[in-house]
Amino acid sequence: MKILISNDDGFRAEGIVALHAALKDMAEVDVVAPEHNNSAKSNALTLHSPLYVHRAANGFRYVNGTPADCVHIALNGLLDFVPDVIVSGINAGANLGDDVIYSGTVAAALEGRFTGKSSMAVSLVASQAKSLGIDAYRPAAIRAGELLQQWSSLALPPRCMLNVNVPEGPLTSHKGFATTRLGHRNPSPPVLKLRDPRGQDAYWIGPSGEPSDDADGTDFHAIKEGFISVTALDSDMTCRRSSAMLGQWLAKVGAV
């Protein structure tokens, strides 16, 4: 197996180091990750400035761009092979429910949709994940390895990927893997309005909203119960359940 690893927290992040350590003995592993933290960059590509690839002392390659940039470059000229799977993470913090819309971690995995092979995003659900040491990420890295050991038997539809969220804590605290759907969050709290040193108004976006849909079967519920949440995501954003209603509405528009 050949694996491409990326993330959104940067190539120095504890999560990506732990993930690489867990996977390097079971596969050929290449790392192409952002130079700096790029959390919440979603699927952004850098189109108006050049991107550069450098190699760190530990062998990781890093790019002065977004998570999607890293995977895009890797798949379209940097690597001399097509990886069997792209693994993004381990993210410092949850990617549950509406988080996936903004997540650079999920976006890096989703950028692999053109390869025709499945990808996986892995996140550690911990309130203070960014301040944790590497040991806190090792259980999540092991769980990712367990999924990859069975990867060849996974047959997701084209352009689909897995979004995996692992509760903080030792392996013995995990109750198993759970197939989940995305829950939903309430709106975020109001932004923090500040005054900068030049007297200009500035705004600081704060934390995500609390869950509004954390019913049984959601990723939120699985995490709360101590399970590892595994959600299949599709890059096709078509709202098929609205097709009939939309057709009827457009018929009225056309009749005017």
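Scroll up a little and you will see the structure.
Let me sum up the structure you'll find in this document. Given the structure is predicted, the values throughout are model-derived calculations rather than measurements. (Residues numbered from 1 in each chain as written. Predicted model: local features only at pLDDT ≥ 70, side-chain atom pairs only at ≥ 80, totals over all residues. Heavy atoms only, no water.)

## Section: the overall build of the protein chain
Okay, so step 1: Helix and strand counts for the protein chain come out as 7 helices and 13 strands.
Okay, so step 2: Here the C-alpha atoms of the protein chain give a radius of gyration of 19 Å, agreeing with the 18 Å that 2.2 N^0.38 yields for 256 residues.
Okay, so step 3: Summarising its shape, the C-alpha atoms of the protein chain cover approximately 65 × 55 × 40 Å along the three principal directions.
Okay, so step 4: Counting over 256 residues, the protein chain shows a buried share of 43%.
Okay, so step 5: Considering only contacts in the protein chain between residues 6 or more positions apart, those separated by 24 or more positions represent 75%.
Okay, so step 6: Looking at the protein chain as shown, the accessible area adds up to about 13,600 Å², and 55% of this sits on carbon and sulfur atoms.
Okay, so step 7: One finds the centroid of the 22 positive side-chain charges in the protein chain at a distance of 4 Å from the centroid of its 26 negative side-chain charges. (Helix = DSSP H or I, 4+ residues; strand = E, 2+ residues; numbered from the N terminus. Rg over C-alpha atoms; globule rule 2.2 N^0.38 Å. Buried < 20%, exposed > 50% of the residue type's maximum accessible area, 1.4 Å probe, protein only. Contact = heavy atoms within 4.5 Å. Areas by Shrake-Rupley, 256 points an atom, 1.4 Å probe, with all protein chains shown as cover. Lys, Arg positive; Asp, Glu negative; His and termini not counted. Charge placed at Lys NZ, Arg CZ, Asp CG, Glu CD.)

## Some points on the pairing of strand β13 (residues 228–234)
Okay, so step 1: Across the 7 residues that make up β13, a large majority, 5, are buried.
Okay, so step 2: Where strand β7 (residues 160–167) and β13 come together, 6 bridges link them in antiparallel fashion. Among the inter-strand pairings, V164 is bridged to a residue of β13, identified as V230.
Okay, so step 3: The pairing of strand β8 (residues 177–180) with β13 spans 4 bridges and is parallel. The residue of β13 that forms the bridge with T179 is V230. (Pairing = 2+ DSSP bridges.)

## Some thoughts on a nonpolar patch on the surface
Okay, so step 1: There is a patch of nonpolar side chains on the surface, built from M245, L246, W249, L250 and V253 and spanning about 500 Å² of accessible area.
Okay, so step 2: Turning to its location among the elements, M245 is positioned in helix α7 (residues 243–255). (Patch = residues over 30% accessible without salt bridge, like charges linked within 9 Å, V, L, I, M, F, W, Y side chains within 5 Å. Salt bridge = Lys/Arg side-chain N within 4 Å of Asp/Glu carboxyl O.)

## Side note on the sheet that holds β7
Okay, so step 1: Spatially, the 9 strands line up as an open sheet ordered β3-β4-β2-β1-β5-β6-β7-β13-β8, and their pairing is mixed. Looking at the sheet topology across the chains shown, the edges are occupied by β3 (53–55) and β8. The sheet shows a mean angle of 25° between the axes of neighbouring strands, direction not considered.
Okay, so step 2: The sheet contact formed by β3 and strand β4 (residues 61–63) spans 3 bridges and is antiparallel. Residue R55 lies in a different strand from β4, and its bridge partner there is R61.
Okay, so step 3: The strands that helix α1 (residues 14–23) touches are β1 (2–6), β2 (28–34) and β5 (85–92); relative to β5, the one it contacts most, it runs at about 140°. (Axes fitted to C-alpha atoms, helices over the stretch in contact; angles between N-to-C directions.)

## Concerning the pattern of salt bridges
Okay, so step 1: Within the structure shown, the criterion is met by 13 salt bridges.
Okay, so step 2: Two residues, D25 and K24, come together in a salt bridge whose shortest N-O distance is 3.7 Å.
Okay, so step 3: Given the relative accessible area of 69%, D25 is considered exposed.
Okay, so step 4: On the accessibility criterion, K24 (42% relative accessible area) is partly exposed.
Okay, so step 5: Residue D213 pairs with R181 through a salt bridge whose shortest N-O separation is 2.9 Å. In this pair, D213 is assigned in strand β12 (residues 211–213) and R181 in the loop between β8 and β9 (184–185), connecting sequence segments 32 residues apart.

## Focus: the nonpolar core
Okay, so step 1: Counting 36 residues, the largest nonpolar core has I3, M120 and V164 as its most contacted members.
Okay, so step 2: Elements that contribute at least two residues to this core include exactly β1, α1, β2, β5, β6 (119–125), α5 (138–149), β7 and β13.
Okay, so step 3: Top contributing element to this core by residue count: α5, with 5 residues. (Core = buried A, V, L, I, M, F, W, Y, C linked by side-chain atoms within 4.5 Å.)

## Some points on the packing of aromatic side chains
Okay, so step 1: Scanning the model with the defined rule gives 1 aromatic pair in all.
Okay, so step 2: When the ring of F11 is compared with that of Y62, the centres are 4.3 Å apart and the planes differ by 10°; the resulting orientation is stacked. Residue F11 is found in the loop between β1 and α1, and its partner Y62 is found in strand β4; the two are separated by 51 residues along the sequence. For the pair F11 and Y62, one class covers both residues: buried.
Okay, so step 3: Against the face of F81 rests K2, its NZ or CZ located 5.1 Å from the ring centre. (Phe/Tyr/Trp six-rings, centres within 6.5 Å; stacked < 30°, edge-to-face > 60°. Lys NZ or Arg CZ within 6 Å of the ring centre and 35° of its normal.)

## As for the environment of G226
Okay, so step 1: Along the chain, the position of G226 falls in the loop between α6 (219–224) and β13.
Okay, so step 2: By relative accessible area, which is 14% here, G226 ends up buried.
Okay, so step 3: Expressed as a C-alpha distance, the spacing of G226 and G112, which sit 114 residues apart in the sequence, is 29 Å.
Okay, so step 4: Ignoring any residue separated from it by four or fewer positions in sequence, one finds G226 in contact with P167, S173, H174 and K175.

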